[in-house]
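Fold and contact review
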Amino acid sequence: MTDLAFEDKDEGPDGPDSVPAAEPIAPGDVRPVPRISIQAFCEAPELAANIEAAAADRRMSRTHVKVHQGGIAAASEFYEAAATPNLIIVESALPRERLDPELDRLAEVCDAGTKVIVIGHVNDVELYRDLVRRGVSEYLVAPVAVLDLIRTIGDLYVDRSTAPIGRSIAFVGGKGGVGSSMIAHNVAWAIARNLENDVVIADLDLPFGTAGLDFNQDPTQGIADAVLAPERLDDVLLDRLLARCSDHLSLLAAPAMLDRTYDFDENAFVQVIDVAQNGVPAVVLDLPHEWTAWVRKTLMSADEVVLTVEPDLGNLRNAKNLVDLLRQARKNDAPPRLVINKVGVPKRPEIRVEDFAEALNLAPETVIPFEPQLFGTAANNGQMIAETDPKSAIVESFELIGRLVTGRGEIKRSKRGGLAPLLSRLRSRAG
Ligand SMILES: Nc1ncnc2c1ncn2[C@@H]1O[C@H](COP(=O)(O)OP(=O)(O)OP(=O)(O)O)[C@@H](O)[C@H]1O
Ligand SMILES: [Mg+2]
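Now for a description of the structure that goes with this document. (Residues numbered from 1 in each chain as written. Chains lettered and ligands numbered in written order. Predicted model: local features only at pLDDT ≥ 70, side-chain atom pairs only at ≥ 80, totals over all residues. Heavy atoms only, no water.)

**A word on the packing of aromatic side chains**
Within this structure, the stated rule accounts for seven aromatic pairs. Plain terms: the ring middles of F264 and F269 are 5.0 Å apart, the flat faces sit at 75 degrees to each other, and that makes the pair edge-to-face. According to the relative accessible area criterion, F269 is buried, its value standing at 1%. Through a chain of ring-to-ring contacts, three or more aromatic side chains come together here, namely Y262, F264, F269 and W294. Stacked on the ring of Y157, the Lys or Arg K115 has its end atom at 5.6 Å from the ring centre. (Phe/Tyr/Trp six-rings, centres within 6.5 Å; stacked < 30°, edge-to-face > 60°. Buried < 20%, exposed > 50% of the residue type's maximum accessible area, 1.4 Å probe, protein only. Lys NZ or Arg CZ within 6 Å of the ring centre and 35° of its normal.)

And the structure:
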């Protein structure tokens, strides 16, 4: 192999004779893979299917992947006449002594800089060490799970110490005006205050965004300066464009002016989200309720999606479409986090929470009652709900979503607030 690098790997948890096992992974912790070309030569249809599935994952959207049949021998033959890509993945069920000459053949036709991952069927640490010594970048034992594969590839090309540290969390509504932005801002505020994590809110609703109003900020610069000059955008410029809202919370505010129109192309926000993710652990994306190429792309690429709805038929239909699409396109990710908001509007017929959840096959993470006095006061004062009424049970809903989307895990439902008591209250009201 050309990419000779001797690494002295630790022994796996299974003991000295087996290949080190991958650590368990949360989907939100697997980072995107950079723009590399990958060709795989598989023997078994299972591996080919898993590589295809990995290639379809959002984290691999920048890579070019080609899957061939035929294993290591086919690879050597193929590259006699063709240039090698950045990464070759070869599957081989051969025992060690027969694998060695095959790898030598492959090494002869590999261009400098090409890395090789071998996927084998023998869990043997001697073989693993031998392969690594010979310059193979990784040896994985089949079957290899899709996320493991993506992480392994990513680790070869992304330096963990400089890799993006942040999660992107997209907030979207099932209809306009359902409270998606309000929830995005309050969740961001909860993450910043309770988890003491730095958070950036990007208000992606350029003409009408309300994040500036909600945080009582009126900066002269913000998201527009970032997206309209992507070639100039780096962490220094981004830092200048941020308006500080609290200790850990900053805002990329929308201009909220109608002096021009915005027709963004699909990738308009990729750069600004990347730069923000490089520097901040949580990037909250407050999306407008519209269906454009860039909105779809941003939703599809986010680490987490929070979908806010009101309990009516239009929201149900739209939420179903969104949830189905996201489930289909993001098979290796959690489904969107569902928030049912403004429940209990007086005199309004509503779809019951249970029926809503059943129709979507998705349980809401939290249900937030209609509280116009509280929300109205907070909005008018440029405050968060926790500032207007720290004792409100709704504050816990925001904290819960904050923990879920930052991967801090499920918290125990507390006595006050949480889904269970609300559900039972709703049930008794309905009955
Ligand atoms: N649970 C609630 N009870 C009462 N009012 C609420 C509640 N949640 C949100 N609101 C109010 O609903 C209005 C719309 O909220 P918000 O702007 O967050 O919605 P949105 O889904 O982001 O709308 P848009 O489609 O304009 O982006 C605001 O005035 C907000 O204060
Ligand atoms: Mg909004």
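**Notes on the pairing of strand β10 (residues 282-286)**
Among the five residues in β10, five count as buried, and that is most of the element. Neither face of β10 is exposed, since A282, V284 and D286 on one face and V283 and L285 on the opposite face are all buried. For strand β6 (residues 167-173) and β10, the ladder comprises five bridges, and the chain directions are parallel. When the bridges of β10 are listed, I169 appears paired with V284. Pairing of strand β7 (residues 199-203) with β10, which is carried by five bridges, proceeds in the parallel orientation. Bridging from a neighbouring strand, I201 pairs with V284 of β10. (Helix = DSSP H or I, 4+ residues; strand = E, 2+ residues; numbered from the N terminus. Pairing = 2+ DSSP bridges.)

**Topic: helix α11 (residues 293-301)**
Those residues of α11 not exposed but buried are W294, V295, T298, L299 and M300. Among the structural elements, β6, α10 (270-279), β10, β11 (304-309) and α12 (313-329) are those in contact with the buried residues of α11. (Contact = heavy atoms within 4.5 Å.)

**Some details on the site of ligand 1**
Around ligand 1, the structure places 15 residues, and the nearest of them are G177, S181, M182, N341 and K342. In the environment of ligand 1, an oxygen atom lies 2.7 Å from a nitrogen or oxygen atom belonging to the side chain of S181. With respect to ligand 1, the backbone of P369 contributes an N or O atom lying 3.0 Å from a nitrogen atom. Among the elements of the structure, α6 (180-194), β12 (337-343), β13 (366-369) and α14 (372-381) are those that each provide at least two residues to the shell around ligand 1. Among the elements that make up the shell around ligand 1, the one with the highest residue count is α6 (three residues). Its residues placed into classes, the shell around ligand 1 shows seven nonpolar, six polar and two charged. (Near = heavy atom within 4 Å. Polar contact = N/O pair within 3.5 Å; in protein donor to acceptor, adjacent residues only side chain to side chain. Nonpolar A, V, L, I, M, F, W, Y, C, P; charged D, E, K, R; others polar.)

**Considering the sheet that holds strand β3 (residues 87-92)**
Sheet strands pair via backbone hydrogen bonds, and the direction of the pair is either parallel or antiparallel. Spatial strand order, β2-β1-β3-β4-β5: five strands in an open sheet with parallel pairing. The outermost strands of the open sheet, each flanked by one partner alone, are β2 (64-69) and β5 (138-141). In this sheet, neighbouring strand axes are inclined to one another by 15 degrees on average, regardless of whether the strands run parallel or antiparallel. As paired elements, strand β4 (residues 115-120) and β5 share four bridges and run parallel to each other. In the strand pairing of β5, G120 is matched with V141. In the packing of helix α5 (residues 146-157) onto the sheet, the strands contacted are β1 (37-42), β3, β4 and β5, and the crossing angle to β4 comes to about 155 degrees. (Axes fitted to C-alpha atoms, helices over the stretch in contact; angles between N-to-C directions.)

**A look at the side chain of D303**
Its location among the elements puts D303 in the loop between α11 and β11. Given the relative accessible area of 5%, D303 is considered buried. Only 3.4 Å separates the side chain of D303 from the side chain of R31, close enough to count as a polar contact. Of note is the side chain of D303, whose polar atom sits 3.0 Å from the side chain of R58. Every residue in contact with D303, bar those within four places of it in the chain, is listed here: R31, R58, G166, R167, S168, Q277, R330 and D333.

**Here we look at unusual backbone geometry**
Put simply, A142 and P143 share a cis peptide bond, and its omega is 0 degrees. If you trace the backbone, P143 turns up in the loop between β5 and α5. Positive phi values are uncommon outside glycine, yet A256 reaches one of about 50 degrees. The backbone phi angle of K347 is positive, close to 65 degrees, even though this residue is not glycine. In this structure, K347 sits in the loop between β12 and α13 (353-360). For K347, a relative accessible area of 86% translates into the label exposed.

**Things to note about the sheet that holds β12**
Taken in spatial order, the eight strands line up as β8-β9-β7-β10-β6-β11-β12-β13 in an open sheet, and their pairing is mixed. Because the sheet does not close on itself, it has two edges, and the strands there are β8 (243-246) and β13. Between one strand axis and the next, the sheet turns through 25 degrees on average, direction left out of account. Here β11 runs beside β12; their pairing, made up of four bridges, is parallel. Bridge assignment links V306 to a residue of β12, and that residue is R337.

**What to know about the packing of helix α2 (residues 71-81) against helix α3 (residues 96-109)**
Running from amino to carboxyl end, α2 crosses α3 at an angle of 20 degrees, the nearest separation of the two axes being 8 Å. The pairing of α2 with α3 is recorded here as roughly parallel in orientation. Considering only the axes of α2 and α3, their crossing is left-handed. Judged by residue contacts, I72, A73, A75, S76, E77, Y79 and E80 of α2 engage L99, E102, L103, R105, L106 and V109 from α3. Of the residues that constitute the contact of α2 with α3, the class distribution is eight nonpolar, one polar and four charged. (Parallel < 35°, antiparallel > 145°, perpendicular 65-115°, else oblique. Left-handed = near helix turned anticlockwise from the far one by under 90°.)

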